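If you want the building blocks of each chain, they are given just below.
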Amino acid sequence: MSALTWWIIAEPNASGMTNATKELISEAVRQGGDVSVVTWGDTSAELVDGAGRYGARAVLQLDVSTGFVPGAPVAAAVAALCAARSPDVILLPSSYDGRDIAGHLSARLDRPVLTNVTALSVDDDVVTQHQIFGGTKIASARITSDGVALIVVRPKSFTAVEEPRDVTLERIDAAPSPVTPVVITESHLDERTGPALGDADVVVAGGRGLGGVEAFANVATLATLLGGAPAASRAIVDAGWVPYAYQVGQTGQTVKPTLYVACGISGATQHLVGMKGAQYIVAINKDAAAPIFSVADFGIVGDVNTVLPALNALVRSRTA
Amino acid sequence: MHIVVCVKQIPDPSAPAALNADLRLDRSGKVLLDEADTYGVELALQVGEAHGESRVTLISMGDATDLSGLRSALAMGADAAIIVSDPALSGADSLTTAKVLAAVTNDLQPDLVIAATESSDGYTGTMPAQLAELLSLPALTFAKAVRVTASNVSIDRQTDTGYDVVTSSLPALVTVTAGAVEPRYANFKGIMAAKSKRIDVLTLTDLGLSALAGSWAQRVVSLDDAPQRQSGATLVDDGTAAQALVDYFVSIKVL
Ligand SMILES: Cc1cc2nc3c(=O)[nH]c(=O)nc-3n(C[C@H](O)[C@H](O)[C@H](O)COP(=O)(O)OP(=O)(O)OC[C@H]3O[C@@H](n4cnc5c(N)ncnc54)[C@H](O)[C@@H]3O)c2cc1C
């Protein structure tokens, strides 16, 4: 059997390439695929270099404007390219734009799409794995008809490994979408210092057990002292204490830091699925029976609002 | 203005979930309106109220034995509901769902279609974009805030780093995140009124879509236990927890 053709849909990114793109290229290379990166907008030299560094053979650049929400126009261009070149597998990141493109592409190609994928293997078909019931069970799924497999992958599912290869850049005239474009008129950046949540080596997360929004300052301080990022359970995002971008879990971000510190978080399955992959988990909770302790490498049964200020003072005195 | 809201009746998320022998979600218990859909219903009602002469129609697909989830949304103030319910759709994938809801929406010719970003039970998260594409409607997704005029819609669209303001003409499809609006509680009058509001239950044959039965090309083939994490030591704080944590951080080299 000749190598399958894998396309990785890569979002244009200021720093060249998202971590998700690196992870997806690496997995496709690991599966023995012939890998191309499909992107749009002004492709940077960093993206092309990066694609080659992780083992892609080609970058296919669609001339779709980044001034539009990409779902429909990128899907139309990719669908036309699929008709001409018949790839076997298309991997997309489980990001806002990745999910949009996957949905539009699925409808245009009349192909099913498998989402929330955390592992995959290839036999006669592509078999995907999905964590369900808060990550306590793994369901395996299979696409049962011939045609391209559309697969949306959760971040941090695969490890990025460099595998340098010569890479070519091909610019492609995009087939237009019949759908009225959605125009991006403004972009706003949330204020955030320190590493992005998805990339942070240390994540310190707060939950309802903090008791109030003021106590989140202790969480943010510990994150800063450890060079990490602050995060939150959905309970306090819904309560409006912190922005949605802080949310970890099934309906928020998936993180895989070296250390995750859960402060006043009960450990609902929907939260655990977003952080169980951390190398070390520390939990501070006043209820010894809280489910978070079942995944913690080190648990403190105590009051967050006593432990955190004391901890911050000690860490500050060490790092000063 | 005619507004269509996609809603789903789901098993109680606080009850333990289970799969049936055929590896499909057990939906035999009581169903509720997906909490994620209450934001869309609220948004539709607010947009309708702001534009006078409006109508809010709920559309859904799923088992219609128990309609209490749809009644909850009608009690909030929606005008009518249509649910496509057909045993031949059991286990349907998101694309099939989108095809069914597209057929229903086409008959209604709405100005605005609203959906949640994902359902709380399946959370595939692609159905709205598939629906928009099938209907050739612009899709404004992941809205944290929505502004609708007589001919345009503009949203604050969630991004990884903040949000974008994005705009298109109507008709269009919008997906809303939790917190975009504050869903109202149904009052007694609403609950009573909902009892007599119209709910149409349609089959695939009614929609001329019999060919869709069992047509989807993805199957769950097995279910396994995920590897469990082992838990480690715990310490009941007696004033030494902060120092113990510092020592732990040093031992794992984050300090
Ligand atoms: C479809 C769906 C999707 C969801 N998605 C997510 C998601 O993505 N992410 C997410 O986080 N949740 C999600 N949830 C919500 C989830 O089920 C929980 O409700 C939520 O995670 C609880 O947040 P919490 O742990 O902060 O609050 P709680 O469950 O209220 O826990 C608070 C904890 O703080 C402890 N505590 C109280 N006071 C103190 C104190 N002084 N010191 C120390 N400890 C204290 C308590 O013992 C308790 O364990 C989802 C739910 C559903 C239904």
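**Focus: the site of the ligand**
- Near the ligand, the surroundings consist of 26 residues, among which Ser233, Val248, Thr251, Ser266 and His271 of chain A are the closest.
- Around the ligand the close residues trace back to chains A and B.
- Backbone polar atom of Arg234 of chain A to an oxygen atom of the ligand: 2.9 Å apart, as the coordinates give it.
- The separation between an oxygen atom of the ligand and a polar side-chain atom of Gln270 of chain A is 2.8 Å.
- Isolated, the ligand exposes 980 Å² of accessible area, and the fraction of that covered by the protein chains is 82%.
- When residues of the shell around the ligand are traced back to their parent elements, those giving at least two are α6 (234-238) and α7 (269-272) of chain A.
- When the residues that make up the shell around the ligand are grouped by side-chain class, the tally is six nonpolar, 15 polar and five charged.

**Focus: the environment of Pro309 of chain A**
Residue and element names in this part refer to chain A.
- Counting through the fold element by element, Pro309 comes out in helix α8 (residues 304-319).
- According to the relative accessible area criterion, Pro309 is partly exposed, its value standing at 34%.
- Once residues within four sequence positions are removed from consideration, Pro309 is found in contact with Asn218 and Val304.

**Some words on the sheet that holds strand β9 (residues 162-169) of chain B**
- Spatially, the ten strands line up as an open sheet ordered β10(A)-β9(B)-β8(B)-β7(B)-β10(B)-β6(B)-β1(B)-β4(B)-β5(B)-β11(B), and their pairing is mixed. Two strands bound the open sheet, and with one partner strand each, they are β10 (183-189) of chain A together with β11 (198-202) of chain B. Strand-to-strand twist of the sheet, defined as the mean angle between neighbouring strand axes without regard to direction, takes the value 30 degrees.
- Here strand β6 (residues 112-116) of chain B pairs with strand β10 (residues 172-176) of chain B via five bridges, running parallel. The residue of β10 of chain B that forms the bridge with Leu112 of chain B is Ala172 of chain B.

**Focus on the nonpolar core**
- Judged by nonpolar contacts, the single largest core of 42 residues is most densely connected at Ile3, Val5, Leu58, Val146, Val153, Val174 and Val176 of chain B.
- In terms of residues, this core owes the most to one element, helix α1 (residues 35-51) of chain B, which gives six residues.
- Among residues more than four places away in sequence, those in contact with Val153 of chain B are Leu140, Val146, Arg147, Val148, Val166, Thr167, Ser168, Leu170, Ala172 and Val174 of chain B.
- In terms of nonpolar packing, the next biggest core, distinct from the first, is built from 35 residues, Tyr246 and Val307 of chain A together with Phe249 and Val254 of chain B among them.

**Quick look at the interface of chain A and chain B**
- Taken residue by residue, the interface counts 80 residues in chain A and 75 residues in chain B.
- Each partner contributes to the roughly 6,700 Å² buried at the junction of chain A and chain B, and carbon and sulfur atoms together form 58% of this total.
- Seen at the junction of chain A and chain B, the total is eight salt bridges.
- Remark: the boundary between chain A and chain B carries 35 residue pairs in polar contact (both at pLDDT 80 or more).
- With ten residues, the top contributor of residues to the side of chain A that touches chain B is helix α4 (residues 96-109) of chain A.
- Looking at the side of chain A that touches chain B residue by residue, the classes come out as 42 nonpolar, 24 polar and 14 charged.

**Details of unusual backbone geometry**
- Cis peptide bonds are those with omega within 30 degrees of zero, and the linkage from Leu170 of chain B to Pro171 of chain B qualifies with 0 degrees.
- Tracing the backbone shows Pro171 of chain B in the loop between β9 and β10.
- Of note in this structure, Asp110 of chain A is not a glycine but carries a positive phi near 55 degrees.
- Looking at the element boundaries, Asp110 of chain A is found in the loop between α4 and β5 (113-122).

**Quick look at the pairing of strand β4 (residues 89-93) of chain A**
- Of all five residues in β4 of chain A, five are buried; the element is thus mostly enclosed.
- What you see with β4 of chain A is no split at all: Val89, Leu91 and Pro93 of chain A on one side and Ile90 and Leu92 of chain A on the other are buried throughout.

**A word on helix α6 (residues 241-251) of chain B**
- All buried positions along α6 of chain B are accounted for by Ala241, Ala242, Ala244, Leu245, Val246, Tyr248 and Phe249 of chain B.
- Residues of α6 of chain B that are buried in the fold lie against β13 (259-263), β14 (280-285), β15 (298-301) and α8 of chain A together with β13 (233-236) of chain B.
- The first or second residue beyond α6 of chain B is Lys253 of chain B, which carries a positive phi of 65 degrees.

**Things to note about the pattern of salt bridges**
- Taken as a whole, this structure holds 21 salt bridges over all chains when the rule is applied.
- A salt bridge links Asp123 of chain A to Arg142 of chain A, with the shortest nitrogen-to-oxygen separation between them at 3.1 Å. Placement of Asp123 of chain A in the loop between β5 and β6 (126-132) and of Arg142 of chain A in strand β7 (residues 137-143) is noted, with a sequence separation of 19 residues between them.
- Arg142 of chain A gets classed as partly exposed once you look at its relative accessible area, which sits at 23%.
- Here Lys137 of chain A ties to Asp225 of chain B by a salt bridge, and the two come within 2.6 Å at their closest N and O atoms.

**Section: the domain arrangement of chain A**
Residues and elements named next belong to chain A.
- Domain annotation of chain A identifies domain 1 (5-172) and domain 2 (197-319).
- The gap between the C-alpha centroids of domain 1 and domain 2 is 31 Å.
- Counting from both sides, the interface comprises ten residues of domain 1 and, opposite them, eleven residues of domain 2.
- Interface of domain 1 and domain 2: buried area, both sides summed, is about 840 Å²; carbon and sulfur atoms make up 40% of it.
- In terms of surface lost to domain 2, no three residues of domain 1 exceed Gly134, Arg154 and Lys156, which account for 61% of the buried area on that side.
- At the boundary of domain 1 and domain 2, one finds zero salt bridges.
- Class assignment of the residues belonging to the side of domain 1 that touches domain 2 gives a composition of three nonpolar, five polar and two charged.

The rules behind each value
- Residues numbered from 1 in each chain as written.
- Chains lettered and ligands numbered in written order.
- Predicted model: local features only at pLDDT ≥ 70, side-chain atom pairs only at ≥ 80, totals over all residues.
- Heavy atoms only, no water.
- Near = heavy atom within 4 Å.
- Polar contact = N/O pair within 3.5 Å; in protein donor to acceptor, adjacent residues only side chain to side chain.
- Areas by Shrake-Rupley, 256 points an atom, 1.4 Å probe, with all protein chains shown as cover.
- Helix = DSSP H or I, 4+ residues; strand = E, 2+ residues; numbered from the N terminus.
- Nonpolar A, V, L, I, M, F, W, Y, C, P; charged D, E, K, R; others polar.
- Buried < 20%, exposed > 50% of the residue type's maximum accessible area, 1.4 Å probe, protein only.
- Contact = heavy atoms within 4.5 Å.
- Pairing = 2+ DSSP bridges.
- Axes fitted to C-alpha atoms, helices over the stretch in contact; angles between N-to-C directions.
- Core = buried A, V, L, I, M, F, W, Y, C linked by side-chain atoms within 4.5 Å.
- Buried area = accessible area lost by both parts, 1.4 Å probe.
- Salt bridge = Lys/Arg side-chain N within 4 Å of Asp/Glu carboxyl O.
- Domains from an automatic or database assignment.

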